[in-house]
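Residue-level structural notes
Below, each chain spelled out in residue letters.
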Amino acid sequence: MTGTEIRQSFVDFFRARGHRIVPSARIVPENDPSLMFINAGMVPFKNVFLGVEKPVASRVADAQKCLRISGKHNDLDDVGRDVYHQTFFEMLGNWSFGDYYKAEAIEWAWELLTKEWGLPKDNLYATVYETDDEAESLWPKITDLPAERVLRFGAKDNFWEMGETGPCGPCSEIHVDRGPGTCDQPPGHTCGVNTDCARYMEIWNLVFIQNERAADGTLSDLPAKHVDTGMGLERVTALMQGVNGNYDCDLMRGLIGVAEDLSGRPYGGGMGPEDVAFRVIADHARAVAVMIADGILPSNEGRGYVLRRLLRRAARQGRVLTLEEPFLGRVTDRAIEILGAGYPELVESSTRIRSTVTGEEERFAETLEKGLGLLEDEVKKLASRGDETLAGEVAFKLYDTYGFPLDLTQDILREKGLGVDEAGFEASMEGQRARAREGARFSTSKGGGFSGVESCFVGDGVETLESRVVALAVEGEEKDEAREGDTVEIVTEETPFYGESGGQVGDRGRIELADGSVVEIEDTQKPRGDLIVHRGRVTQGAVRTGQAATLAIDIAFRGATRLNHSATHILHAALRNHLGDQVHQAGSLVTPERLRFDFTHEARLTDEQIAAIEDEVNDHVRANAEVTAQEMSYDDAIAAGALAFFGDKYGDRVRVLKMGDFSTELCGGTHVSRTGDIGLFKLRAESAVGAGVRRIEALTGEGALALVRQKEEELRQIAGLLKSGEDDVAERLAKLLASQKDLEKKLAETQAKLVSGASQDLLDGLREIGGLKVVARRVDQIDAKVLRELADKIRDKMQSGVVVLGGTDGKKVLLLAAVTKDLTKRVNAGTLIKEMAPLVGGGGGGRPDFAQAGGKDPSGLDAALERAYELIAG
């Protein structure tokens, strides 16, 4: 059976036993801050086990995408170094939510493995938790597994926990004896279950979830008992296909085959550097394809940085296979073909995956070679000193300057038996963070202060509010009083000021105290969900904690911001309508002056698409549709059709913003009451932000009208310069450009004739130096392009020789050297130029056969040309 067939067989087996088959959840956990990625099949059902969500059915089965690259479960360092570890893998699982328990789970697992898949019963073992008498007695009772092959183990092996906290419970594992020839331990080792021996391999874990682990380590009983089973698809596929390890099964071997074809090198399945590279590339290609399909894009933080690390590790392994050109896109294409049957979202996102991978690989290639060169130099220095640890500051330089994640540097050094001073690296990193903190003017508004203080936003409809000052800070330091002239941050119990969040900038306005003191608010921040901080300056009197205050927002500022924020929702709907439902928001900025909207899409929008999108937005504006906001539970909001994108964090209660019948999204920002309030939407620019992300910039209302008037004025000015009517500008300009092109052609022909004649004149000054023909001459008032053509012409006429030319326009100097191919081992053009350039106050370099430099000191030009003769003479 193929891996795809085994996956399908599994879900068919449990469908026939009353299980609902559910699709894999995305790789990013929804509303779970404790995990960066889904690392086990049970993660999407965590809240069900905790009793806070209802399951879709009491019996469920699935194939879940999993990634183990962070936190407690992190297999990254082991990938490639054996034939089993992976970052991305598929977990086959069946679940009982308060329905069946141990007996059924054991019976069905045995039936599937031995009857459906035909695994030899005599080679199978079961393990149980050391105190689980029930599971131990069930195995020989309801299966034909003998009692002597049911083994007890402690918590390390047979008590399953998802993380430091959360659902957990005893488990029963099924192991298979693959025979003495598969042992990978040194002589003297005694093979057995759970002895770190490849001969005895775990293939299925049946977890009986009945407990919850608290932060203090204590266990409590869950409201109901559940079953959670997990079986790695790649592992069981390798077992059933009779191959040595996961990377030899058909789910992964095809990816290695692509790398073999591209590199011209064979995969041997061993532990040498090239075989390790093949496995790393295959694993990482699968992982990045899944991550990008699920909406993650490369960045310098969070999940995006994990993706970037994987891409860069794989790219570096390509160098081990002498793959110099971008290659990962080809490997991820194969990953999509193999995984697509089980996860159609990969096929739907194939274009975005390919462009993201290739773009990231191309960008890293620019610094990879330089970074590897630096690292090689440092390794030589370590060897000369007899040292085995790379300095932390060097590792940080590789990270900060050349984009080498720390684990990539460690990976390269590990191959050489060397390590990294991690403490030194962290010290350098902390130094950078400290410098960043020092440069931050407001510490408290960025979440670094006001501990234990809370405030709340009273809503979009309130413009003025009476409240009380509960905390304040001056220049980032919390105090009880701020005086006139102080830069201050103020927290009040409640506020009508919107704190910057969701892409919308914070409000401006003023705070007045009962004694006549005034604070002009320049910005409002929301460093925490329960904290809003007003940033401004005391312009009159003083402000103290405990004072009553009147807060008034800048109504015009808020109003203009409303227009732009509401327009982003309409724009989002129009983009999805024209480009497809795969489009989703990837970032935004909403200010009173403009809006910026980032969205996932591969290609540049055509002029026709831009016009159609702009038209649709304005159609919705003219329709003057009603805009309503309603608070409801997250589940009810999703059921009502609200757009919520994975990766975003939502509470139990959310605000649903609805515009007519075309847009429903979760949003806590400020908005118009009817779309007609926006007046006019004008799309100003469309551009690329990064791989797979585009950006639209636009204006609304008065800003859009001002842009239209500006363009009209520019058109009038151009028409005046062209001495034509506004309607004839394009035609008049086309004629002028055609005339200019004709003149440029004639100028080029004239310059070519001059070059031909000048080259012969310059050859008259040829010198013989050590048997070499050399021309070193000055040619002023000539542009760089013509000077290069002149050098080429002279070199061609000489057939064998050296040409050095210099020229100046009175302010700047240009030097260039050209050497015929037969002489580059005797005279290096790049070396010549490097020696000459300082004489004209400049620098430069180039290839052995051609180099050039610029300078700022024309007075040194003659000396530089004379220096060329001296250098060639030796």
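This text goes with the structure placed above it.
Residues numbered from 1 in each chain as written. Predicted model: local features only at pLDDT ≥ 70, side-chain atom pairs only at ≥ 80, totals over all residues. Heavy atoms only, no water.

Glancing now at the sheet that holds strand β26 (residues 595–600). Each strand in a sheet pairs with its neighbour through backbone hydrogen bonds, running either in the same direction (parallel) or in the opposite one (antiparallel). With antiparallel pairing, the four strands of this open sheet are ordered in space as β25-β26-β31-β30. Sheet topology places β25 (585–590) and β30 (681–690) at the edges, where each strand pairs with a single neighbour. If you compare each strand with its neighbour and ignore which way they point, the axes differ by 15° on average. By the bridge criterion, six bridges tie β26 to strand β31 (residues 693–700) in an arrangement that is antiparallel. In the strand pairing of β31, F599 is matched with R694. Sheet strands touched by helix α19 (residues 701–722): β30 and β31. Its angle to β31, the strand with the most contacts, is close to 90°. (Pairing = 2+ DSSP bridges. Helix = DSSP H or I, 4+ residues; strand = E, 2+ residues; numbered from the N terminus. Axes fitted to C-alpha atoms, helices over the stretch in contact; angles between N-to-C directions. Contact = heavy atoms within 4.5 Å.)

So, on to the pairing of strand β22 (residues 531–540). Counting buried positions over the ten residues of β22 gives seven, a clear majority of the element. Here four bridges tie strand β18 (residues 487–492) to β22, and the two strands are oriented antiparallel to one another. Paired with V488 across the bridge in β22 is G536. As paired elements, strand β21 (residues 518–528) and β22 share eight bridges and run antiparallel to each other. Considered in β22, the bridge of R528 is made with L531. The turn joining β21 and β22, which pair antiparallel and follow one another in sequence, is formed by two residues. (Buried < 20%, exposed > 50% of the residue type's maximum accessible area, 1.4 Å probe, protein only.)

Attention now moves to the side chain of N564. Turning to its location among the elements, N564 is positioned in helix α16 (residues 555–579). We classify N564 as buried; its relative accessible area is 1%. Those residues within four positions of N564 in sequence are excluded, and the remaining contacts are V590, T591, P592, E593, R594, L595, L699 and T700.

This part takes up helix α4 (residues 133–142). All of the buried residues along α4 are A135, L138 and W139. With its buried residues spanning 105° around the axis, α4 presents them on a single face. Against the buried residues of α4 lie α3 (102–116), β6 (124–129), β7 (150–153), β9 (166–177) and β10 (200–213). (Arc of directions from axis to C-beta.)

F10, W139, I203 and W204 are the most contacted members of the largest nonpolar core, which totals 93 residues. Among all residues touching W139, those that are not within four sequence positions of it are I106, W110, A126, V128, L145, V150, S172, I174 and L206. (Core = buried A, V, L, I, M, F, W, Y, C linked by side-chain atoms within 4.5 Å.)

Further remarks concern the pattern of salt bridges. Taken as a whole, this structure holds 59 salt bridges when the rule is applied. In this structure, R7 engages E90 in a salt bridge whose closest nitrogen and oxygen atoms are separated by 2.8 Å. With R7 in helix α1 (residues 3–15) and E90 in strand β5 (residues 88–97), this residue pair connects regions lying 83 residues apart in the sequence. Looking at R7, the relative accessible area reads 6%, which means it is buried. (Salt bridge = Lys/Arg side-chain N within 4 Å of Asp/Glu carboxyl O.)

Turning next to the sheet that holds strand β27 (residues 627–633). Strand order in this open sheet of three strands is β27-β28-β29, and the pairing throughout is antiparallel. The sheet is open, and its two edges are formed by β27 and β29 (663–666), each paired on a single side. Ignoring which end each strand starts from, the neighbouring axes of this sheet average 25° apart. Where β27 meets strand β28 (residues 653–659), seven bridges bridge the pair, whose relative direction is antiparallel. Bridge assignment links S633 to a residue of β28, and that residue is R653.

By themselves these figures say nothing about function.
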